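The chain contents come next:
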Amino acid sequence: MRVYYNNMRLKKEGGIKMYKALDVAKYAISRCYKNGNPISNLQLQKILYYIQGHILGNLNKPLFMEHIKAWRLGPVVEEVYYNYNMYVAEPIELEYTLNFAFKNEELIIINEQIDEKSQLGVWKLVNGTHNEDPWKEAWESHNEEKIISNESMKKYFASIPF
């Protein structure tokens, strides 16, 4: 199904332009669908985590403004999760026409993460995030919100290649 989406939603925060996580999710969903490998909402959540982490670790800035939270099954962007939770564990078979473009340096990381992580099974993604410091630190914290901080993601992902 093709969905037209023409709202370019960028927010300037501290001089840095950031996208909405939902826009990044729509790009990932479309790319996977076009590549013949539609992803579930659970996979999408992990892909968003890896995209944000590698952007933070390599470009030293967040790609999107929404918080990522440590849920039982791994990292989640709540707004995106609730937007697609009607799919439960089924593939999201949508193709969006987006009216914006990522910067080339962002797109290299984004596409690499989408292409690599979309090939992994759901439980491999869940288990992978559970073994990484940003999720573990947030999950084990006394913070009720269980927010995975951008600082912990930047530190962790700067130490590993994308």
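Everything numeric in this text was worked out from a predicted model, so none of it was measured. (Residues numbered from 1 in each chain as written. Predicted model: local features only at pLDDT ≥ 70, side-chain atom pairs only at ≥ 80, totals over all residues. Heavy atoms only, no water.)

**Remarks on the pattern of salt bridges**
As a reminder, the rule being used: Any Lys or Arg side-chain nitrogen located within 4 Å of an Asp or Glu carboxyl oxygen qualifies as a salt bridge. The numbering of helices and of strands both runs from the N terminus, where a helix is a DSSP run of H or I of at least 4 residues and a strand a run of E of at least 2. Exposure classes here rest on a 1.4 Å probe applied to the protein chains alone. A residue is buried below 20% of its type maximum, exposed above 50%, and partly exposed in between.
Summed over the entire model, instances satisfying the criterion amount to nine salt bridges. As a salt-bridge pair, Lys 20 and Glu 66 come within 3.1 Å of each other at their nearest N and O atoms. With Lys 20 in the loop between strand 3 (16-19) and helix 1 (21-34) and Glu 66 in the loop between helix 2 (41-59) and strand 4 (68-71), this residue pair connects regions lying 46 residues apart in the sequence. For the residue pair Lys 20 and Glu 66, the accessibility class agrees, reading buried in each case. One salt bridge connects Lys 136 with Asp 133, and the closest N-O pair in it is separated by 4.0 Å. Remark: Asp 133 and Lys 136 occur in helix 6 (residues 133-140); sequence separation between them is three residues, near one turn of the helix. With a relative accessible area of 29%, Lys 136 lands in the partly exposed category. Because the salt bridges share partners, they merge into one network encompassing Lys 20, Glu 66 and Glu 79.

**Structural notes on helix 4 (residues 104-117)**
Using the following cut-off: Helix span is expected to be 1.5 Å times the residue number reduced by one.
End to end, helix 4 covers 20 Å across 14 residues, agreeing with the expected 20 Å (1.5 Å per residue, within 8%). Those residues of helix 4 lying buried are Glu 106, Ile 109, Ile 110, Asn 111, Gln 113, Ile 114 and Lys 117.

**Considering the packing of aromatic side chains**
Threshold: Stacked, edge-to-face and tilted labels apply to pairs of Phe, Tyr and Trp rings (six-membered ring for Trp) whose centres lie within 6.5 Å, assigned for plane angles under 30 degrees, over 60, and everything in between, in that order. Lysine NZ or arginine CZ positioned within 6 Å of the ring centre and within 35 degrees of the ring normal marks a charge as sitting over the ring.
Within the structure shown, the criterion is met by 13 aromatic pairs. Residues Trp 135 and Trp 139 carry aromatic rings whose centres are separated by 5.3 Å and whose planes lie at 15° to one another, so their mutual orientation is stacked. Residue Trp 135 and its partner Trp 139 are located together in helix 6, separated by four residues, close to a single helical turn. By relative accessible area, Trp 135 is classed as buried at 6%. On the basis of relative accessible area, Trp 139 is assigned to the partly exposed category, the value being 34%. Grouping aromatic residues by their ring pairs yields a cluster made of Tyr 19, Tyr 27, Phe 100 and Phe 102. A cation over a ring is seen here: Lys 117 above Tyr 50, with NZ or CZ 4.3 Å from the ring centre. Residue placement shows Lys 146 over the ring face of Trp 139; its charged tip is 5.7 Å from the ring centre.

**Things to note about the environment of Lys 154**
Going by this rule: By the convention used here, residues are in contact when the closest approach between their heavy atoms is within 4.5 Å.
Following the sequence through the fold, Lys 154 ends up in helix 7 (residues 150-158). Linking Lys 154 and Gly 57, residues 97 residues apart in sequence, is a C-alpha distance of 4.4 Å. Sequence-distant contacts of Lys 154, that is, excluding residues within four places in its chain, are made with Leu 56, Gly 57 and Asn 60.

**Describing the sheet that holds strand 5 (residues 74-76)**
Heads up, the condition is: Strand pairing requires that DSSP identify at least two bridges connecting the strands. Each axis is a line fitted through C-alpha atoms, taken for helices only over the stretch in contact, and angles between the N-to-C directions span 0 to 180 degrees.
Across the sheet, three strands lie side by side as 5-4-7; this open sheet has antiparallel pairing. The open sheet terminates on both sides in strands that have one partner only, identified here as strand 5 and strand 7 (147-148). Pairing of strand 4 with strand 5, which is carried by three bridges, proceeds in the antiparallel orientation. Note that in strand 5 the partner of Trp 71 across the bridge is Gly 74. Taken strand by strand, helix 6 contacts strand 4, strand 5 and strand 7, and its axis lies near 70° from that of strand 4.

**Notes on the packing of helix 1 against helix 4**
Condition: The scheme is simple: roughly parallel for angles under 35 degrees, roughly antiparallel for over 145, roughly perpendicular for 65 to 115, oblique for anything else. In this scheme the crossing of two helices becomes right-handed for a clockwise turn of the near helix relative to the far one and left-handed for an anticlockwise turn of less than a right angle.
Running from amino to carboxyl end, helix 1 crosses helix 4 at an angle of 55°, the nearest separation of the two axes being 10 Å. By the angle class used here, helix 1 and helix 4 are oblique. Viewed along their axes, helix 1 and helix 4 form a crossing whose handedness is right-handed. Touching Tyr 27, Ala 28, Arg 31 and Cys 32 of helix 1 are Leu 107, Ile 110, Asn 111, Ile 114 and Asp 115, all from helix 4.

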